[in-house]
Amino acid sequence: MSWYADEGLVGIRRDLHRHAEAGWKEFRTTALVAEELERLGYDVALGPDAVVPEKRLGLPSDDVLAAAEDRAREAGAPEAYLERMDGITGAVATRSFGDGPVVGVRVDMDALERDESRADDHRPAAEGFASVNPGEMHACGHDAHTAIGIGIAREFADADGTDEGFDGTLKLFFQPSEEGGRGGLPMSETDHLDDVDLLVALHVGLDEETGTVVTAYEHPLSNAKLDVEFSGAPAHAGGAPNEGRNALQAASTAITNLYGIPRHGDGVTRVNVGMVESSNAQNVISERATLRVEVRGGTADLNEYMLSHARRIVDGAASMHDVDVGTSLYGKTTTFEADDEAATLVAEAAAGLDAVTEVRPRKEFGGSEDASYLIRRVQESGGIATYVGIGASNVAGHHTAEFDIDEESMRIGVDTVVEALRSF
Ligand SMILES: [Zn+2]
Ligand SMILES: [Zn+2]
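Residues numbered from 1 in each chain as written. Chains lettered and ligands numbered in written order. Predicted model: local features only at pLDDT ≥ 70, side-chain atom pairs only at ≥ 80, totals over all residues. Heavy atoms only, no water.

Notes on the layout of surface pockets
- Taken as a whole, the largest pocket encloses approximately 990 Å³ of empty space.
- Surrounding the largest pocket, 40 residues form its lining, Leu-112, Glu-179, Gly-180, Lys-225 and His-399 being those nearest its centre.
- Listed by contribution, the elements that provide at least two residues to the lining of the largest pocket are strand S7 (222-231), strand S9 (269-277), strand S11 (288-297) and strand S12 (324-333).
- Here the lining of the largest pocket is built from residues that sort into 13 nonpolar, 14 polar and 13 charged. (1 Å grid on protein atoms, 1.4 Å probe; cavity = no way out; pocket = protein on both sides within 12 Å on 5 of 7 lines; lining within 4 Å. Points joined across faces, edges and corners; volume = space filled by probe spheres on them. Helix = DSSP H or I, 4+ residues; strand = E, 2+ residues; numbered from the N terminus. Nonpolar A, V, L, I, M, F, W, Y, C, P; charged D, E, K, R; others polar.)

Focus: helix H3 (residues 62-74)
- Between its terminal C-alpha atoms H3 stretches 18 Å, which fits the 18 Å expected from 13 residues at 1.5 Å a residue.
- Among the residues of H3, Leu-65, Ala-68, Glu-69 and Ala-72 are the ones counted as buried. Down the axis of H3, the sector holding all buried residues measures 100°, keeping them to one side. Opposite its buried face, H3 presents the exposed residues Asp-63 and Glu-74, each directed more than 90 degrees away.
- Along its buried surface, H3 packs onto helix H2 (27-39) and helix H4 (79-85).
- At the C-terminal side of H3, Gly-76 shows a positive phi close to 100°. (Expected span 1.5 Å × (residues − 1). Buried < 20%, exposed > 50% of the residue type's maximum accessible area, 1.4 Å probe, protein only. Arc of directions from axis to C-beta. Contact = heavy atoms within 4.5 Å.)

Side note on the packing of helix H6 (residues 142-156) against helix H12 (residues 408-422)
- Where H6 meets H12, the closest approach of the two axes is 9 Å, and the angle between their N-to-C directions is 45°. Our classification of the angle between H6 and H12 gives oblique. Classified by chirality, the crossing of H12 by H6 is right-handed. Across the interface between the two elements, Ala-144, Ala-147, Ile-148, Gly-151, Ile-152, Glu-155 and Phe-156 of H6 pack against Met-410, Arg-411, Gly-413, Val-414, Val-417, Val-418, Leu-421 and Arg-422 of H12.
- Its residues placed into classes, the contact of H6 with H12 shows ten nonpolar, two polar and three charged. (Axes fitted to C-alpha atoms, helices over the stretch in contact; angles between N-to-C directions. Parallel < 35°, antiparallel > 145°, perpendicular 65-115°, else oblique. Left-handed = near helix turned anticlockwise from the far one by under 90°.)

Here we look at unusual backbone geometry
- Phi is positive for Asp-86, close to 55°, though the residue is something other than glycine.
- Among the secondary structure elements, Asp-86 is positioned in the loop between H4 and strand S2 (91-96).
- Located in the positive-phi region is His-399, a residue other than glycine, with phi close to 75°.
- You can see His-399 is positioned in the loop between strand S14 (384-390) and H12.

A look at the coordination of the zinc ion (ligand 1)
- Taken together, the protein donors to the zinc ion (ligand 1) comprise Cys-140 (SG), Glu-179 (OE) and His-399 (NE2), at separations of 2.0 to 2.3 Å.
- All donor residues of the zinc ion (ligand 1) come from one chain, and their arrangement in sequence is C-x38-E-x219-H.
- Here the zinc ion (ligand 2) and the zinc ion (ligand 1) are spaced 3.1 Å from one another, each receiving a donor from Cys-140. Here Cys-140, found in the loop between helix H5 (123-126) and H6, pairs with His-399, found in the loop between S14 and H12; they are 259 residues apart in sequence, far enough to count as distant.
- Take His-399: its relative accessible area is 35%, and that puts it in the partly exposed class. (Donors = N, O, S within 2.8 Å, 3.2 Å for Na, K, Ca; no water.)

Quick word on the environment of Asp-195
- Here Asp-195 lies in the loop between helix H7 (184-188) and strand S5 (198-204).
- Its relative accessible area of 39% is what places Asp-195 among the partly exposed residues.
- Considering only alpha carbons, one finds Asp-195 and Phe-166, 29 residues apart in sequence, at a separation of 17 Å.
- Contacts of Asp-195, omitting those with residues within four sequence positions, involve Val-102 and Lys-171.
- Of the polar contacts made by the side chain of Asp-195, one reaches the side chain of Lys-171; its length is 2.8 Å. (Polar contact = N/O pair within 3.5 Å; in protein donor to acceptor, adjacent residues only side chain to side chain.)

Comments concerning H2
- The end-to-end C-alpha distance of H2, which contains 13 residues, comes to 18 Å, matching closely the 18 Å that a straight helix rising 1.5 Å per residue would cover.
- Counted residue by residue, H2 has eleven buried out of 13 residues, so it is predominantly covered.
- If you check which residues of H2 are buried, you get Phe-27, Arg-28, Thr-29, Thr-30, Ala-31, Leu-32, Val-33, Ala-34, Glu-35, Glu-36 and Leu-37.
- Positive backbone phi, approximately 95°, marks Gly-41, located one or two places after H2.

A closer look at the packing of aromatic side chains
- A complete count under the given rule lists six aromatic pairs for this structure.
- A ring pair is formed by Phe-97 and Phe-156, whose centres lie 6.2 Å apart and whose planes are at 40°; its orientation type is tilted. Of this pair, Phe-97 sits in the loop between S2 and strand S3 (102-108) while Phe-156 sits in helix H6, placing them 59 residues apart in sequence. There is no split in this pair, since Phe-97 and Phe-156 are both buried.
- Here Phe-365 and Tyr-387 contribute two aromatic rings whose centre-to-centre distance is 4.9 Å and whose plane-to-plane angle is 65°, an arrangement assigned as edge-to-face. Here the residue Phe-365 occupies a position in the loop between strand S13 (358-364) and helix H11 (371-380), and Tyr-387 occupies one in strand S14, the gap between them amounting to 22 residues. Taken as a pair, Phe-365 and Tyr-387 share a single burial class, namely buried.
- Taken together through their ring pairs, the aromatic side chains of Tyr-217, Phe-336, Phe-365 and Tyr-387 make up a single cluster. (Phe/Tyr/Trp six-rings, centres within 6.5 Å; stacked < 30°, edge-to-face > 60°.)

Shown next, in the form of structure tokens:
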């Protein structure tokens, strides 16, 4: 028997919300999803069969991962699944109903690294399902996405193991670590996507009302996040400043020059330094400084242009101040264009649902999204894809402490996607 067997979508979503797990820590989420999907008759790939381990970006330390796994165990994650995951989150569930097309759905599972509101008017707090994990909160709706993924699996897998009206193969991609763009790339590099003829990714909320379905978000900005560490030598700032090699000065030089990367004639670019840290007393020449840098581009090439200039500038700043520099890629996303045929399937599916009041066509994404890697992989292998928006009357903006969704949206998400896949 599976932990979620008797739970509806709302119950599952609230359980996931309560046990929010940030990127690469989704041990409990993955284990419970895998258990339920196997109960429903799906083959579930876990661990290195679900993501390519060495391609994982922005991975927390081994200690942090081990603590997250222990926490999951204590909160009911079934041990047999934790063992199969081998320290790696994410799952791909597959079930074949015949020789027809291979259709896929991608949902993400991770929470944000932030605290959740405890205010009385924040429903998860008022009704007892706010996150029990300090500093981790489902503030983007990925708890609902995971529940929708399970809901779709249930719609296809009825009790006798046949599915009326669908003779193909269904693959469900439960992706870890979307926030920061860390899990899409390593999942896209498995071979699970190679034979997918139609892939649908989805997001709830996005400031649309419940009942609105957007058939194709597209053109997200390509994005790269770079962690930078300057290492110099400490010295007494009064007695022997000449003996120091100043990492803070290198970081400051880098920051001002990063914002000076020339704009590009081919399209939009972005750069931002979100964090600088170098903790010393006033009388110490700083030996260590870290930066968290992000660049974006309207195309993958523009993003690479920004990333290569950012790397050149941090190298130059280090050399100017005679310090060493190391960089590591924290996360990366690419861009995509939705396919007309896929968007039309979704539009027709949504239009046929009573709960849907408005079907909107294509919309620009604005931010960045690492489903882009899965979508690109499918398109490069000859398949089609789209990224669907499911309005959820979110009461506060995404990533805020008060974020919450209208749970009715989950049913609309399940029904829209199931109908679109079946009609393919
Ligand atoms: Zn988000
Ligand atoms: Zn999100």
